[in-house]
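One-letter residues, chain by chain:
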Amino acid sequence: MTFPLNTWYVAATPDEIPPDQPLGRRICDQPIALYRDAEGRIAAVEDFCPHRGAPLSLGFVRDGQLVCGYHGLTMGGDGRTVSMPGQRVRGFPCIRAYAVEERHGFIWIWPGERDQADPATIPTPIWSGRDDWAYGGGLYHMPCDYRLLIDNLMDLTHETYVHASSIGQKEIDEAPVATRVEQGVVITERRMAGIHAPPFWQMAMRAHGLDPAAEVDRWQICRFQAPSNVHIDVGVALAGRGGFDALQADKVYSVVVDWITPETATSCWYFWGMARHFQPQDSALTDAIRTGQGKIFMEDMEMLRRQQQNLLAWPDRALLRLNIDTGGVQSRRIIDALIAAERTPAT
Amino acid sequence: MTFPLNTWYVAATPDEIPPDQPLGRRICDQPIALYRDAEGRIAAVEDFCPHRGAPLSLGFVRDGQLVCGYHGLTMGGDGRTVSMPGQRVRGFPCIRAYAVEERHGFIWIWPGERDQADPATIPTPIWSGRDDWAYGGGLYHMPCDYRLLIDNLMDLTHETYVHASSIGQKEIDEAPVATRVEQGVVITERRMAGIHAPPFWQMAMRAHGLDPAAEVDRWQICRFQAPSNVHIDVGVALAGRGGFDALQADKVYSVVVDWITPETATSCWYFWGMARHFQPQDSALTDAIRTGQGKIFMEDMEMLRRQQQNLLAWPDRALLRLNIDTGGVQSRRIIDALIAAERTPAT
Amino acid sequence: MTFPLNTWYVAATPDEIPPDQPLGRRICDQPIALYRDAEGRIAAVEDFCPHRGAPLSLGFVRDGQLVCGYHGLTMGGDGRTVSMPGQRVRGFPCIRAYAVEERHGFIWIWPGERDQADPATIPTPIWSGRDDWAYGGGLYHMPCDYRLLIDNLMDLTHETYVHASSIGQKEIDEAPVATRVEQGVVITERRMAGIHAPPFWQMAMRAHGLDPAAEVDRWQICRFQAPSNVHIDVGVALAGRGGFDALQADKVYSVVVDWITPETATSCWYFWGMARHFQPQDSALTDAIRTGQGKIFMEDMEMLRRQQQNLLAWPDRALLRLNIDTGGVQSRRIIDALIAAERTPAT
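All of these numbers come straight from a predicted model, not from anything done at the bench.

Peer 1: Report on the overall build of chain A, specifying residues and quantitative values.
Peer 2: The helix and strand tally for chain A stands at six helices and 17 strands. Compactness check: chain A gives a C-alpha radius of gyration of 22 Å against a globular reference of 20 Å for 347 residues, within 12% of the reference. Taking the principal axes of the C-alpha coordinates as reference, chain A spans close to 75 × 50 × 35 Å. Look at the contacts in chain A between residues 6 or more apart in sequence, and 59% of them connect residues 24 or more apart.

Take a look at the structure:
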């Protein structure tokens, strides 16, 4: 097992689960059917009908209950069969039910032991419930181990190469990077002073009424939090105004949002987005950023797919762990510790 | 092995095998080349040229003999090489030849031991050679164990869910089902009295000059016969006229024809069709029924494909065997006994 | 291992490797990145960045050095890292570098031990550097063991069947074939006297000013040279003028060029072409021949793919070795001896 199970992952976005239609999704190697009950609350059960093994996600939702599309078995959100035409269902075997919560604009799932799931431990994003932030994002299916994507996001030197036309610039390579761990959060920082903004940030400056040709100070502060959340403070301020601490009017400041959910050992669901702390009311800007960010993250996909293939082909070859990789290395240490703890039975 | 071999399966329909062109088809995990000899009779041999292993089905038929398309070896219907340009072929190794017969509008094959094949045991369908019946059908490649398709056909409660817009109706679920075994044939019956006909049967009533809005009695009598034939008496009669036993003028009566042939352990060939005992001369009706039935059976495909995937992912999970499943359960018992008998050497 | 490694294979054609872009290609089961250095010379290294395992072929070439497209590591043609932004690279692990040469219009690679690679052993084709010859060709990816393609080319009786509409004719089957081995070269000859030219050769005769309807003497002299080069003298001369030895004006004479490079155990790169010893200045003829030859060799692809599948399905079934197969059999003997020699450590 290459991922912890007793933790919250983003399973879906709310719009993926309409009232009448279940969503089938493999999470942590477990096929799961998600749907909304009569009150609109999310429920999640194994995607396996106890009658004949059909996927429940091929069925439908009637009066808030999940109905198998093969022979009409009605499944409860607790994994017990509610009813089936012409049958007594009391003795039917249960299927797994999962702890799920809808919060902060995402559907969260706990793929491990249900009684350990505490909704209070779902992370609260900085922009949640705040009018002075705006959020937009999307979902990609990535053909790689979720940890390769964490590595990718915790070492932004790749922007210079993979994203040369949008957010990359040679100064990223040249700026020193510093990594520390604070209360279980891995933080990797890079600051670039007195540079010219790359195209993506020029677009943002223009939208915020700043001169896109002006010299800026740029920052990237990657934060990894278990199991696989990487949020990155990114932005530029007019040069010499304090960088990240500059006045709102003098900077464009966003958080790159990455919730990563393992699908299998070699694939993952990538819920990406950007929370923006400037011009939050500008929905055209939200769309433009989503489009731009979607293109940028698409550029990573082929690289990660091929890196994954190479690592499968050369399983015994050790990779380097340079200073720029420290963020990823530290993140994996935390993940490994969680996995090890799950393997050790509690006393 | 999940299928018996010493039995007749439908291999193809006659139109699939023109005089000059062989047909390659995998049956019971055996790649086979079928073709017509000089008299138009069907022959079948392993799809493997003894010269260099090319598939014989990529070749052609010349003067009723199968010629390898790679180097011109001519194969006989008995698996012995007839000739090869510039070669003496007497010492060439033989390949397997199969017992095959063309009967009742189908090509039959016996994938097991040839000397046990008795054409007299090929089943004679009720409509064979009769002018007062009409037949139309098609062929689908199904991505599932052939036994899942038998289960599907021996439990028609799925019509209510999978085929809701054509032949399904809630009364199917509500009607009790009775299963019995008579002389090796598993029979599952369901009768619904005083209902309204679903769309498919309204179309049939209209074609037969009956009022499609009239109340009807409906019947479904599934018959499984080894190894994998399911024929289903289906129809509706004006309510109270005797149901299945009503006069010809008062009912529309058909047989759903399902010949199922294993391709691999997880795929099969599905020769489906409908034999109709009303308006047999109406070829436009035959076409309309074929189109409608093709759409209906296509609805099963995705469900069966995904059920198969689920069963492969959870191989140790036992499925339920409800009263509605009795037809499938009994059918599998017969299949299992045939497979076991083939494993036991005769004394 | 089904191929020798300490030998030269064609890796690519020069046009596949422009100055600024690497080419990724799997050769003998080894993923390799090929590129041109600052002097335009070909270099080749493992397609694996020692930093994080990304394929170097996804990167680019800057100032004649291969730059990883993920984080900017610069790799040298010797497999040692040259530099990386912000890093000291002296301790980085090396990757494999390959001996490569550009000669005679092809890029050659030695996938085995580099210090054994002697460019003097690269074969010199008969047409190399000669104005009275013209060459045109292409590259196909073939879904079969490279040895099946050698078999194909060393037994041209298949032309009668696979290429019936272009170069096949029944006289090929009827003409005796003679095979001999001379200094490590397997030679299979077939001559046909007083026949009519098939369509491809009629086209060539017309281009050379000969009457395409005239009787001709035709020859096919297949030459296999280790590891997997098959060159075939082919042509027709006006009947009775000496065949292969006829005057230039009375014959059309070409060499079918086949350089075959294993990709995996069941796939290969097929560099095919034709060197022509008539009308060399006629570039429209070169194009017409390339188009025609491409169509002909495409006809082999499905046959070889399906033959490969059959051989994988029946691994224990011995194939026949007829007189027509002697060329292929002798070629495999030479290959087998090379493979065995590589397995035996030198004393």
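Peer 1: Break down helix α6 (residues 326–343) of chain A for me, with residues and values.
Peer 2: Residue and element names in this part refer to chain A. Its 18 residues place the ends of α6 26 Å apart at the C-alpha level, agreeing with the 26 Å of an ideal helix rising 1.5 Å per residue. Among the residues making up α6, those that are buried are Gly327, Gly328, Ser331 and Ile335. Mapping the buried residues of α6 onto a view down its axis gives an arc of 90°, with all of them on the same face. Turned more than 90 degrees from where α6 packs its buried face, Arg333, Ala340, Ala341 and Arg343 sit exposed. Where the residues of α6 are buried, they touch α1 (146–154), β12 (177–182), β13 (185–196) and β14 (215–225).

Peer 1: Give a description of the pairing of strand β10 (residues 106–110) of chain C that names residues and reports values.
Peer 2: Residue and element names in this part refer to chain C. Counting buried residues in β10 gives five out of five residues, a clear majority hidden from the surface. Of the two faces of β10, the one holding Phe106, Trp108 and Trp110 and the one holding Ile107 and Ile109 are both buried throughout. Both strand β1 (residues 9–12) and β10 contribute to a ladder of three bridges, which runs antiparallel. Within β10, the position partnered with Ala12 by the bridge is Ile107. Where strand β9 (residues 99–103) hands over to β10, the hairpin turn is made up of two residues, of which His104 adopts a positive phi near 55°.

Peer 1: If you had to explain the sheet that holds strand β2 (residues 23–27) of chain C to someone new, which residues and values would you point to?
Peer 2: Residue and element names in this part refer to chain C. Strand order across the open sheet formed by three strands is β2-β3-β4, with antiparallel pairing between neighbours. The outermost strands of the open sheet, each flanked by one partner alone, are β2 and β4 (42–46). Neighbour to neighbour, the strand axes of the sheet diverge by 35° on average, direction disregarded.

Peer 1: Go over the packing of α1 of chain A against helix α5 (residues 283–313) of chain A with me, naming the residues and quoting the values.
Peer 2: Residue and element names in this part refer to chain A. The N-to-C vectors of α1 and α5 enclose an angle of 130°; their axes lie 10 Å apart at closest approach. By the angle class used here, α1 and α5 are oblique. Where α1 crosses over α5, the handedness of that crossing is right-handed. Residues Leu148, Leu149 and Asn152 of α1 form the contact with α5, whose own contacting residues are Asp300, Leu304, Gln307 and Gln308.

Peer 1: I'd love a proper account of the interface of chain B and chain C, names of residues and values included.
Peer 2: Tallying the contact residues gives 17 residues for chain B and 20 residues for chain C. Classifying every residue of the side of chain B that touches chain C by side-chain character gives nine nonpolar, seven polar and one charged.

Peer 1: A description of the interface of chain A and chain C should follow, citing residues and the corresponding values.
Peer 2: Of the residues lining the interface, 18 residues belong to chain A; the matching set on chain C comes to 17 residues. Broken down by secondary-structure element, the contributors of at least two residues to the side of chain A that touches chain C are α2 (159–162), α3 (170–174) and α5 of chain A. Broken down by element, the side of chain A that touches chain C gets its largest block of residues, six residues, from α5 of chain A. Across the side of chain A that touches chain C, the residue classes break down as nine nonpolar, five polar and four charged.

Peer 1: Give me the lowdown on the relation of the copies chain B and chain C, citing residues and values where you can.
Peer 2: Two copies of a chain can be linked by a rotation about an axis combined with a shift along that same axis. Once turned by 120° and shifted 0.0 Å along the axis, chain B lies on chain C with an RMSD of 0.0 Å. Read as a symmetry element, the transformation amounts to a three-fold axis.

Peer 1: Got a sec to walk through unusual backbone geometry? Specific residues and values, please.
Peer 2: Residues and elements named next belong to chain B. The residue after Ala226, namely Pro227, is reached through a cis peptide bond having omega 0°. As for its placement among the helices and strands, Pro227 is situated in the loop between β14 (215–225) and β15 (229–238). Located in the positive-phi region is Gln279, a residue other than glycine, with phi close to 45°. Mapped onto the elements of the fold, Gln279 is located in the loop between β17 (267–276) and α5 (283–313).

Peer 1: Please provide a residue-by-residue account of the sheet that holds β1 of chain C, values included.
Peer 2: All names here are of chain C. With respect to topology, three strands assemble into an open sheet ordered β1-β10-β9, the strand pairing being antiparallel. Whereas interior strands pair on both sides, the edge strands pair on one side only; in this sheet they are β1 and β9. For this sheet, the mean angle separating the axes of adjacent strands, direction not counted, is 40°.

Peer 1: Please set out the environment of Ile109 of chain B residue by residue, giving values where relevant.
Peer 2: Note that Ile109 of chain B resides in strand β10 (residues 106–110). As a C-alpha pair, Ile109 of chain B and Gln220 of chain B span 111 residues in sequence and 29 Å in three-dimensional space.

Peer 1: Now, about the domain arrangement of chain A: what can you tell me, with residues and values included?
Peer 2: Residues and elements named next belong to chain A. Here chain A is partitioned into domain 1 (9–121) and domain 2 (134–343). Counting from both sides, the interface comprises 10 residues of domain 1 and, opposite them, nine residues of domain 2. Of all the secondary-structure elements, those providing two or more residues to the side of domain 1 that touches domain 2 are β1 (9–12) and β2 (23–27). Here the element with the most residues in the side of domain 1 that touches domain 2 is β1; it accounts for three residues. For the side of domain 1 that touches domain 2, the class distribution of residues is six nonpolar, two polar and two charged.

Peer 1: Can you explain α1 of chain A? Please cite residues and give values.
Peer 2: Counting buried positions over the nine residues of α1 of chain A gives eight, a clear majority of the element. Among all positions of α1 of chain A, only Tyr146, Leu148, Leu149, Ile150, Asp151, Asn152, Leu153 and Met154 of chain A are buried.

Peer 1: Go over the environment of Pro4 of chain C, please, and point to the residues and values.
Peer 2: Residues and elements named next belong to chain C. Mapped onto the elements of the fold, Pro4 is located in the segment before β1. A tally of 23 C-beta atoms within 10 Å means that Pro4 is categorised as buried. Spatially, the C-alpha atoms of Pro4 and Val162 are 29 Å apart, while their sequence positions differ by 158 residues. Excluding its chain neighbours within four sequence positions, the residues that come into contact with Pro4 are Pro227, Ile335, Leu338, Ile339 and Glu342.

Peer 1: Outline the confidence of the model for chain A, listing residues and values.
Peer 2: In this model, chain A carries a mean pLDDT of 95, and residues with pLDDT of at least 70 account for 99%. Of the two predicted TM-score estimates for the complex, the pTM is 0.93 and the ipTM is 0.93.

Peer 1: An account of the environment of Gly184 of chain B is needed here, citing residue identities and associated values.
Peer 2: Residue and element names in this part refer to chain B. Mapped onto the fold, Gly184 is located in the loop between β12 (177–182) and β13 (185–196). Look at Gly184 and you get exposed, because 10 C-beta atoms sit within 10 Å. Distance in space between the C-alpha atoms of Gly184 and Gln330 is 9.8 Å, their sequence separation being 146 residues. Those residues in contact with Gly184 that sit more than four places away from it in its chain are Ala226 and Ile334.

Basis of the calculations
Residues numbered from 1 in each chain as written. Chains lettered and ligands numbered in written order. Predicted model: local features only at pLDDT ≥ 70, side-chain atom pairs only at ≥ 80, totals over all residues. Helix = DSSP H or I, 4+ residues; strand = E, 2+ residues; numbered from the N terminus. Rg over C-alpha atoms; globule rule 2.2 N^0.38 Å. Contact = placed C-beta atoms within 7 Å. Expected span 1.5 Å × (residues − 1). Buried ≥ 20, exposed ≤ 12 C-beta atoms within 10 Å, placed from the backbone. Arc of directions from axis to C-beta. Pairing = 2+ DSSP bridges. Axes fitted to C-alpha atoms, helices over the stretch in contact; angles between N-to-C directions. Parallel < 35°, antiparallel > 145°, perpendicular 65-115°, else oblique. Left-handed = near helix turned anticlockwise from the far one by under 90°. Nonpolar A, V, L, I, M, F, W, Y, C, P; charged D, E, K, R; others polar. Least-squares fit on C-alpha atoms with pLDDT ≥ 70 in both. Domains from an automatic or database assignment. pLDDT = per-residue confidence, 0-100.

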